[in-house]
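Coordinates in review
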Amino acid sequence: MKLTWTKTDEAPALASYALLPILRAYFKGTGVEIETHDISLGGRIIANFPECLRNDQKIPDELTRLGKLAQTPEANIIKLPNISASIPQLREAIAELRGKGYNIPDYLEEPSTEEERALQARFAVVLGSAVNPVLREGNSDRRASRSVKAFAQKHPHKMMKNWPKSGSVTRVAHMSDKDFYGSEKSTTVGAATNVRIEFVDSAAAVKVLKQSIPLLEGEVIDCAVMNVAALRKFYAEQMAAAKADNALLSLHLKCTMMKISDPIMFGHCVAVYFADALEKHAGAIQKIGANVNNGLSDVLGKLDQLPAGKKAEIEADVAACCDKGPGLAMVDSRMGKTNLHVPNDVIVDASMPVVIRDGGKMWNSEDGLEDTVAMIPDRCYATMYQVVIEDCQKHGQFDPATMGSVSNVGLMAQKAEEYGSHDKTFAAPGNGTIRIVDARGGTLLEQSVERGDIFRACQTKDEAIRDWVKLAVARARASGAPAVFWLDLDRGHDAQIIQKVNAYLPEHDLSGLEIKIMQPVDAMKFSLERIRRGEDTISVTGNVLRDYLTDLFPIFELGTSARMLSIVPLLQGGGLFETGAGGSAPKHVQQFVKEGHLRWDSLGEYCALVPSLELIATKTVNPRAALLSKTLDDAIGRYLEDAREPSRKVNEIDNRGSTYYLALAWAKALAAQDEDAEFKQRFAPIATALEANAGKITQELLVAQGKPVEIGGYYFPDDAKCAAAMRPSITLNAIIDGM
């Protein structure tokens, strides 16, 4: 069984250049092989257009290959965070590749011919969470390891800010009707079939939106629609309310994962806030090809196409909108970059925990923290964030030193639920009906739509649900904590899932276990009460809530979700080990290129290696893999205890120093063990050399900081330049390479 390490993007990819040489050296002679496969955004683009490239530029379609591997018992994949590309990021990546001589075609956002539509479809497999659904052939088990949680309580992080005792006007604002939640319809199919999605206009003319969706027996399919007129009305009301409350206005969506629906919702917010300017200059903005779905930056960035006087007039009118409206939450106040500039800068699962962590505040244009009206338009999950805010307003900030944990068992296998909806999401081409029709021509589900409304359909396979229930029971048994299914009987999809959960739970021994089914609002209240008492709870959720909660609670408990253990027991017996969230990775790269300091913490990668090696040990009866796993776990404990995580500041320890200290602790643990005499003999001099040269190595690593670094690109950097930048210690390299 080989260990497959994914080459992805940004900070995690850079960190791999420092870590992988150490892994290969330590694994030598153990029977553990490690291979890398490029599933980065740049790599995915290149793999999809082989006919446009020279032979020396081509890259195999590694994502498809790994998807097939994930469906075998031999799979052992360590998956690092990758870019869930928005359209602006896709365009930037294409431009970078073209600048490097790759003849990649341009992305056309509004194709007009069949050929252009086919080209857009080829790019669609690159956008959003393209990687995750392919690899996730199992459900998710996310939790903090005991050593990580114990360390966090012993040495609590310092990022939590108190909620103001004088009161806070911060709140979550959501729609009250005509959103996805309110419109959702769902059904379970009794027999395998093939369905299609059709739009029927007011004259009964039919247009097929998606020709074929195979459904298996027992599969759940649902559809929902977001009414954009109601959405725009909601935005306008909240803008007025934020202005009246003297609070910042912020919008929290997930334009990266929900790559069709959420950019449209984002665009409507931009259009409403800047309505005076955009409507006044609609002709000019259309002429330059700006698209509000790509944010205000797309408008401002294309104004150079206009005469200087017209450009200045539009910029002045945009500024007037900012003066007239509520203050916008800022992404970078020094650059004047607001929440509405770029759709992928503020991502709900990463942004809302930080709002709560920072005492209910976001940054304003004066670079100060201020209360905010956090708009999360759809009610499916917005309400549970409001519960957390109300809890903090009543009880104060959470204490990482005493709070309990909320781990997660997530339903995500085989493209389950909303994050599997990209290829079944459409903007309604007119007034009429969008319906899901089965192979016999019967309508399974339908929604009335108005032009521009957002329709989405999602499917969830019965096998995935059954396995999810089994995993939840297993975790409850192993941990002794209550397991709570976060399901809402008033929501169409959840009502179908509840029926299946109630059917499959009796298949397991539930004696002595506490298993509950609760609406998200009640489940959140139950979990918050427990964590404030220092008690642990298991959240058993669908795919999107899995993503949201496994950022929310770990950011409170550990300071970051990157420290979570993320195990995906694959349906066919293999394992996928995810290494944490990459939401802050872009800022890490920016700092590295500017200052030569990479603050990415690879603890997620270190932790993922432990169960990955355990799986190899079990599957191949390899005692050395087991020994590597056991000693690595010890080394991680030492790493945490000695506070070897990267600093945020230049000229202090960064990722490269952290990886060195992990290597040192691991070598010492291998040298100290008595299970394998040959291994002990091999690693004793390595441990001695690494420790004896500590001063020299750390100095070489620190000297490399404080100046700009050239890595040859952002989306498709140069391997040689990255390796040189991430391995600047001649002394450390000599010891590792000499193994």
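Up top is the structure these notes are about.
Presented here is a report on the structure given in the accompanying data block.

Conventions we followed
Residues numbered from 1 in each chain as written. Predicted model: local features only at pLDDT ≥ 70, side-chain atom pairs only at ≥ 80, totals over all residues. Heavy atoms only, no water. Pairing = 2+ DSSP bridges. Helix = DSSP H or I, 4+ residues; strand = E, 2+ residues; numbered from the N terminus. Axes fitted to C-alpha atoms, helices over the stretch in contact; angles between N-to-C directions. Expected span 1.5 Å × (residues − 1). Buried < 20%, exposed > 50% of the residue type's maximum accessible area, 1.4 Å probe, protein only. Arc of directions from axis to C-beta. Contact = heavy atoms within 4.5 Å. Phe/Tyr/Trp six-rings, centres within 6.5 Å; stacked < 30°, edge-to-face > 60°. Lys NZ or Arg CZ within 6 Å of the ring centre and 35° of its normal. Polar contact = N/O pair within 3.5 Å; in protein donor to acceptor, adjacent residues only side chain to side chain. Parallel < 35°, antiparallel > 145°, perpendicular 65-115°, else oblique. Left-handed = near helix turned anticlockwise from the far one by under 90°. Right-handed = clockwise from strand over helix to strand, strands pointing away. Salt bridge = Lys/Arg side-chain N within 4 Å of Asp/Glu carboxyl O.

Some thoughts on the sheet that holds strand E6 (residues 185–188)
- Sheet architecture is open: four strands sit in the order E6-E9-E19-E16, paired in antiparallel fashion. Two strands in the sheet have a free side with no partner beyond their single neighbour: E6 and strand E16 (425–427). The mean angle between the axes of side-by-side strands here comes to 10°, regardless of whether they run parallel or antiparallel.
- Sheet topology note: the strand E9 (residues 220–226)/strand E19 (residues 454–460) ladder contains seven bridges and is antiparallel. Looking at E19, one finds that Met 226 is bridged to Ile 454.

A closer look at the sheet that holds strand E21 (residues 515–518)
- Strand order in this open sheet of ten strands is E2-E1-E3-E24-E23-E4-E15-E22-E20-E21, and the pairing throughout is mixed. Edge positions in the sheet fall to strand E2 (34–38) and E21, since each of these pairs with one other strand and no more. Sheet twist, expressed as the mean angle between neighbouring strand axes with direction ignored, is 20°.
- Pairing analysis gives three bridges linking strand E4 (residues 140–143) to strand E15 (residues 406–410), with the strands arranged antiparallel. When the sheet's bridge partners are listed, Ser 140 is paired in E15 with Gly 410.

Focus on helix H14 (residues 308–324)
- With 17 residues, H14 ought to run about 24 Å at 1.5 Å a step, and its terminal C-alpha atoms sit 24 Å apart, in line with that.
- When H14 is considered as a whole, its buried residues turn out to be Ile 314, Asp 317, Val 318 and Cys 321. Seen from one end, H14 has its buried residues packed into an arc of 100°, which puts them on one side. Those residues of H14 that are exposed and aimed more than 90 degrees away from the buried face are Ala 308, Gly 309 and Asp 323.
- The inward-facing, buried residues of H14 contact helix H10 (261–273), helix H11 (275–280), helix H12 (282–287) and helix H13 (296–301).

Topic: the pairing of strand E18 (residues 443–449)
- Bridge count for strand E17 (residues 432–437) against E18 is six bridges, and the pairing is antiparallel. When the sheet's bridge partners are listed, Gly 432 is paired in E18 with Val 449.
- The antiparallel pairing of E17 with E18 creates a hairpin that spans five residues between the two strands, and Gly 441 there sits at a positive phi of about 90°.

Some details on the packing of aromatic side chains
- With the rule as written, the count across this model stands at 16 aromatic pairs.
- Between the aromatic rings of Tyr 381 and Tyr 548, the centroid separation amounts to 5.8 Å while the plane-to-plane angle is 85°, which identifies the pairing as edge-to-face. Of the two residues, Tyr 381 is situated in helix H16 (residues 379–395) and Tyr 548 in helix H20 (residues 543–557); the sequence distance between them amounts to 167 residues. Assigned by exposure class, Tyr 381 and Tyr 548 land together as buried.
- On the basis of an interplanar angle of 20° and a centroid distance of 5.2 Å, the ring pair of Phe 398 and Phe 556 is categorised as stacked. With a gap of 158 residues between them, Phe 398 in the loop between H16 and E15 and Phe 556 in helix H20 connect regions that are remote in the sequence.
- A relative accessible area of 4% means that Phe 398 is categorised as buried.
- The class of Phe 556 is buried, set by a relative accessible area of 0%.
- One aromatic cluster in this structure is built from Tyr 26, Phe 27, Trp 666, Phe 679 and Phe 683.
- One residue, Arg 456, lies across the ring of Phe 180, its end atom 4.1 Å from the ring centre.
- For the cation-ring pair, Arg 644 lies above Tyr 661, with the distance from its terminal atom to the ring centre recorded as 3.8 Å.

Details of the side chain of Gln 397
- Here Gln 397 lies in the loop between H16 and E15.
- Reaching out from Gln 397, the side chain makes a polar contact with the backbone oxygen of Ile 356 at a distance of 3.0 Å.
- Of the polar contacts made by the side chain of Gln 397, one reaches the backbone oxygen of Arg 357; its length is 3.1 Å.
- Contact partners of Gln 397, with chain neighbours within four places excluded, come to Met 160, Lys 161, Asn 162, Trp 163, Ile 356, Arg 357, Gly 359, Cys 392 and Arg 532.

Some points on the packing of helix H7 (residues 146–154) against helix H23 (residues 623–641)
- Running from amino to carboxyl end, H7 crosses H23 at an angle of 15°, the nearest separation of the two axes being 10 Å. Overall, the two elements H7 and H23 adopt an arrangement that is roughly parallel. Between H7 and H23 the crossing geometry is right-handed. Facing Ser 147, Val 148, Phe 151 and Lys 154 of H7, the residues of H23 in contact are Asp 633, Leu 640 and Glu 641.

Focus: unusual backbone geometry
- Unlike most non-glycine residues, Ala 204 shows phi in positive territory, near 70°.
- Examined against the element boundaries, Ala 204 turns out to sit in the loop between strand E7 (193–201) and strand E8 (206–215).
- Of note in the backbone geometry, Ala 643 takes a positive phi value of approximately 55° without being a glycine.
- Secondary-structure assignment places Ala 643 in the loop between H23 and helix H24 (655–672).

Here's the deal with the pairing of strand E1 (residues 3–7)
- Of all five residues in E1, four are buried, a share of seventy percent or more.
- With five bridges connecting them, E1 and E2 associate as parallel partners. Directly across from Thr 4, in E2, lies its bridge partner Glu 35.
- Regarding the hand of the β-α-β motif, the stretch spanning E1, helix H1 (residues 10–27) and E2 is right-handed.
- Two elements, E1 and strand E3 (residues 76–79), share two bridges in a ladder whose sense is parallel. Across the sheet, the residue bridging to Thr 4 is Ile 77, located in E3.

Examining the environment of Pro 377
- Mapping Pro 377 onto the fold places it in the loop between strand E14 (369–375) and H16.
- Considering only alpha carbons, one finds Pro 377 and Gln 393, 16 residues apart in sequence, at a separation of 22 Å.
- Sequence-distant contacts of Pro 377, that is, excluding residues within four places in its chain, are made with Ala 173, His 174, Met 175, Asp 179, Leu 231, Phe 234, Tyr 235, Leu 251, Leu 253 and Met 265.

Examining the pattern of salt bridges
- Overall, the coordinates contain 58 salt bridges when judged by the stated rule.
- Of the charged contacts in the structure, one is a salt bridge between Glu 219 and Lys 461, with a shortest N-O distance of 3.3 Å. With Glu 219 in the loop between E8 and E9 and Lys 461 in the loop between E19 and helix H17 (462–479), this residue pair connects regions lying 242 residues apart in the sequence. Neither Glu 219 nor Lys 461 differs from the other in exposure class; each is buried.
- Between Asp 345 and Lys 337 there is a salt bridge, with the nearest N and O atoms lying 3.0 Å from each other.
- By relative accessible area, Lys 337 is classed as partly exposed at 24%.

Comments concerning H20
- When the terminal C-alpha atoms of H20 are compared, their 21 Å separation across 15 residues agrees well with the 21 Å that a helix rising 1.5 Å per residue should span.
- Counting buried residues along H20, 15 of its 15 residues qualify, which places the element largely inside the surrounding structure.
- Where H20 terminates, the next one or two residues include Gly 559, which has phi positive at roughly 90°.

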